[in-house]
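Listed below, chain by chain, are the residues.
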Amino acid sequence: MPFANVSTFEVISCFVISLLAFVTSMTNVYLEGANSTTIDATLPCATIVIAISLNCLGIIFLAKKVKRESLIWTWTVLHLILLRLPSTFETLMSHTDDRARSHNLLMMLSWNVLRCNSLGIDAIHQNFELLRAFSYIFYLPTLISGPIVNYGDFRIMEIRATKRYFSLTLGIVRCLFVAALVEIWQHLFRSSHFEEHYNRWTLYGVCLSQAATFYGLHRFMFGLSIEIGTFHGIQMPNVPRCIFRISSVREQARYFDNGMHKFLSKYIYRRSSSQTFLAKSKNVAVTSLFVILWHGIERHVLLWVVVNYILMHCEKGIDHLLKQKFIKNQSASNQARLKAIIGANLWIPSMLSNFTLLTGFEIGIKFFEKTYLMPSAYLTLMSCMYCLHIVVQKVS
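Definitions and cut-offs
- Counting starts from 1 at the beginning of each chain's written sequence and moves along it residue by residue.
- Per-residue local features are limited, in this predicted model, to residues with pLDDT of at least 70; the limit for side-chain atom pairs, both in listing and counting, is 80 or more; totals at the level of whole chains, interfaces and linings are taken over all residues.
- Here the side-chain values reflect all heavy atoms present in the structure, with hydrogen atoms and water set aside.
- Per the convention used, a helix needs a DSSP run of H or I reaching at least four residues, while a strand needs a run of E reaching at least two, with both numbered from the N terminus.
- Note on exposure labels: buried denotes an accessible area under 20% of the residue type's maximum, exposed denotes more than 50%, and partly exposed covers the range between, all computed with a 1.4 Å probe on protein chains only.
- Note on contacts: a residue pair qualifies if any of its non-hydrogen atoms lie within 4.5 Å across the two residues.
- Using a 1.4 Å probe, accessible areas were evaluated by the Shrake-Rupley method; residue-level cover was limited to the displayed protein chains.
- Aromatic rings from Phe, Tyr and Trp, taking only the six-membered ring of Trp, are treated as a pair when their centres fall within 6.5 Å; an angle between ring planes under 30 degrees marks them as stacked, one over 60 as edge-to-face, and anything in between as tilted.
- Take the number of residues in a helix, subtract one, and multiply by 1.5 Å to get its expected span.
- As used in this structure description, the phrase polar contact means that two N or O atoms lie within 3.5 Å; if the pair is within protein, one of them must be able to donate a hydrogen and the other to accept it, and residues adjacent in sequence are counted only when both atoms belong to side chains.
- As a rule, the C-alpha atoms of each element are fitted with a line to give its axis, helices using only the stretch in contact, and angles between N-to-C directions run from 0 to 180 degrees.
- Oblique is the label for any angle not under 35 degrees, not over 145, and not in the 65 to 115 range, which are roughly parallel, roughly antiparallel and roughly perpendicular in turn.
- Handedness of a crossing is defined here by the sense of rotation of the near helix relative to the far one, left-handed for an anticlockwise turn of less than a right angle and right-handed for a clockwise turn.
- Polarity classes work like this: nonpolar for Ala, Val, Leu, Ile, Met, Phe, Trp, Tyr, Cys and Pro, charged for Asp, Glu, Lys and Arg, and polar for all others, with Gly in that last group.
- Nonpolar side chains (Val, Leu, Ile, Met, Phe, Trp, Tyr) within 5 Å and like charges within 9 Å form the patches, drawn only from residues with over 30% relative accessible area and no salt bridge.
- Salt bridges are identified by distance alone: a Lys or Arg side-chain nitrogen within 4 Å of an Asp or Glu carboxyl oxygen.

Participant: So what exactly am I meant to see when it comes to the overall build of the chain here?
Facilitator: Secondary structure summary: the chain contains 17 helices and 0 strands in total. Counting only residues that meet the buried cut, the chain has 42% of its 396 residues in that class. Restricting to contacts in the chain with at least 6 residues of sequence separation, those with at least 24 account for 73%. Split by element, the accessible area of the chain, about 21800 Å² in all, is 65% carbon and sulfur.

Take a look at the structure:
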């Protein structure tokens, strides 16, 4: 039974302490410097705590009284649409007067919507404990920065006491090391002076550095939550895999944000028992629509999702091709070379679509134009991707 070895008093104490720590941290970190009194600065945090609690209670009511997943999904979609409205962000900006803090608060509310969805669906089919539900919703590390942990995975696991503290210390050191590298790189990048018109190598270097910085930030934020959750004995998702060890769209979806992958796979993609090609393609399409809703309905998000949807089907077709007998009869080295050649051509649009997601639609389109409308640029990039693909296959 979850939390079987933990007393009720200890769990309640942890919940109260986490709630107080949350309010305190949000007041000092996200709302520091706001042009208001202490009472006014605390008001948005109190409102957010109330909103999270009401969202949790609403989901519990739908799960235990109505017991219909369709209503839970309607609740989830409506909440995400509400959070993506420009007026919601403007309201947060009016309290914080800072775009970064408003974005952090918005993401925290978005993580809560996913947790409540997981709680509601699992509560329909599993035994439900109110104390465990609120512990899951208000668990401090994942409350603020993610990643998403499914309600069914939020349970205490047995770990050795001696290994527990060593793993936590080592994990925090790794996260701090990655954070230091990101800070150093951002300082060097911003202090450098580039010309207005970048040459080809500079453009791809900027693209690669943006992706590496994005990975570093997620490795730090998700890594701290995962290490603390693992220390408490909770079954946490895996840390984001390094982008230099990812060579396909499916690996990116599965290993970069493992928590989100588990959520999408359990509650959307695998809801249909049919294993036909059309059924799988429909499940991927529905999952992609939810990803669009999660990131926001904007042009660069649509381009990123559509390109990845097409590439995912291309990769499945390539996997089927590589299983053919005339390919299997080739030597292992020739198979690796063929896979690298095909993978490099699929890797390029995936990389460019990721950069479009990070920088915006206009800049992303320019990268596509400079890559595919200049044969020399494409051949050069494909050669580099081929070599990198060979290395990734060997490391993996």
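Participant: Any chance you could explain the packing of aromatic side chains here in plain terms?
Facilitator: Two numbers describe a pair of aromatic rings. These are the distance of the centres and the angle of the planes. Scanning the model with the defined rule gives 15 aromatic pairs in all. For the ring pair tyrosine 136 and tyrosine 151, a centre distance of 5.3 Å and an interplane angle of 75° mean the geometry is edge-to-face. In this pair, tyrosine 136 is assigned in helix α6 (residues 130-137) and tyrosine 151 in the loop between α7 (140-145) and α8 (161-191), connecting sequence segments 15 residues apart. Here tyrosine 136 matches tyrosine 151 in class, with each residue buried. Between the aromatic rings of tyrosine 136 and phenylalanine 154, the centroid separation amounts to 5.4 Å while the plane-to-plane angle is 65°, which identifies the pairing as edge-to-face. Residue tyrosine 136 is located in helix α6, and its partner phenylalanine 154 is located in the loop between α7 and α8; the two are separated by 18 residues in the primary sequence.

Participant: Where do I start with helix α15 (residues 332-359) in this structure?
Facilitator: Residues lying three or four places apart along an α-helix face the same way, a consequence of the helix completing one turn every 3.6 residues. Its 28 residues place the ends of α15 39 Å apart at the C-alpha level, agreeing with the 40 Å of an ideal helix rising 1.5 Å per residue. Phi for glycine 360, located one or two positions after α15, is positive at around 120°.

Participant: Looking at this model, I keep getting lost on the side chain of threonine 356. Mind explaining?
Facilitator: Here threonine 356 is to be found in helix α15. Leaving out residues up to four positions away in the same chain, threonine 356 has contacts with His300, Leu303, Phe361, Gly364 and Phe368.

Participant: Can you walk me through the environment of serine 110 in this structure?
Facilitator: Assignment of secondary structure puts serine 110 in helix α5 (residues 99-125). A relative accessible area of 0% means that serine 110 is categorised as buried. Serine 110 sits 26 residues away from arginine 84 along the chain, and the two C-alpha atoms are 9.3 Å apart. Excluding residues that lie within four positions of it along the chain, serine 110 makes contacts with Leu83, Arg84 and Trp294. A polar contact is formed between the side chain of serine 110 and the backbone oxygen of leucine 106, at a distance of 2.9 Å.

Participant: Looking at this structure, I do not really get the packing of α5 against helix α11 (residues 258-267). What am I missing?
Facilitator: In a packed pair of helices, the relevant descriptors are the angle between the two axes and the axis-to-axis distance. At their nearest, the axes of α5 and α11 sit 12 Å apart, and the two run at 40° to each other. Accordingly, the angle class assigned to the pair α5 and α11 is oblique. In this structure, α5 meets α11 at a crossing whose hand is left-handed. Contacts between α5 and α11 pair Trp111, Leu114, Asn117, Ser118, Ile121 and Asp122 from the former with Met260, Phe263, Lys266 and Tyr267 from the latter. Across the contact of α5 with α11, the residue classes tally to 6 nonpolar, 2 polar and 2 charged.

Participant: What exactly am I supposed to notice about the packing of helix α13 (residues 299-322) against helix α16 (residues 361-372) here?
Facilitator: Taken N-terminus to C-terminus, the directions of α13 and α16 make an angle of 40°; their axes are 8 Å apart at the nearest point. Relative to α16, the element α13 lies oblique. Across the interface between the two elements, Arg299, His300 and Leu303 of α13 pack against Phe361, Glu362, Ile365 and Phe368 of α16. Each residue belonging to the contact of α13 with α16 can be placed in one class, and the counts come to 4 nonpolar, 1 polar and 2 charged.

Participant: Any chance you could explain unusual backbone geometry here in plain terms?
Facilitator: A negative phi holds for most residues other than glycine; trans holds for most peptide bonds. With an omega of 0°, the peptide bond between glycine 146 and proline 147 qualifies as cis. Examined against the element boundaries, proline 147 turns out to sit in the loop between α7 and α8. Of note in the backbone geometry, lysine 67 takes a positive phi value of approximately 60° without being a glycine. Here lysine 67 lies in the loop between α2 (38-66) and α3 (69-84).

Participant: Quick question: what am I supposed to make of a nonpolar patch on the surface here?
Facilitator: On the surface, Leu78, Ile81, Leu82 and Leu85 cluster together to form a nonpolar patch covering roughly 360 Å² of accessible area. Mapping leucine 78 onto the fold places it in helix α3.

Participant: Would you mind going over the pattern of salt bridges with me for this structure?
Facilitator: Side chains that differ in sign of charge can pair as their charged atoms come close. If you walk through the whole model with that rule in mind, you get 4 salt bridges. A salt bridge links aspartate 319 to arginine 250; the shortest N-O distance between them is 2.2 Å. Here aspartate 319, found in helix α13, pairs with arginine 250, found in helix α10 (residues 249-255); they are 69 residues apart in sequence, far enough to count as distant. The partly exposed category is assigned to aspartate 319, whose relative accessible area is 27%.

Participant: I keep staring at α11 and nothing clicks. Help me out?
Facilitator: Among the 10 residues that make up α11, 7 are buried, leaving the element largely enclosed by the rest of the structure. In the core, the buried residues of α11 are packed alongside α3, α5, α10 and α12 (277-295).

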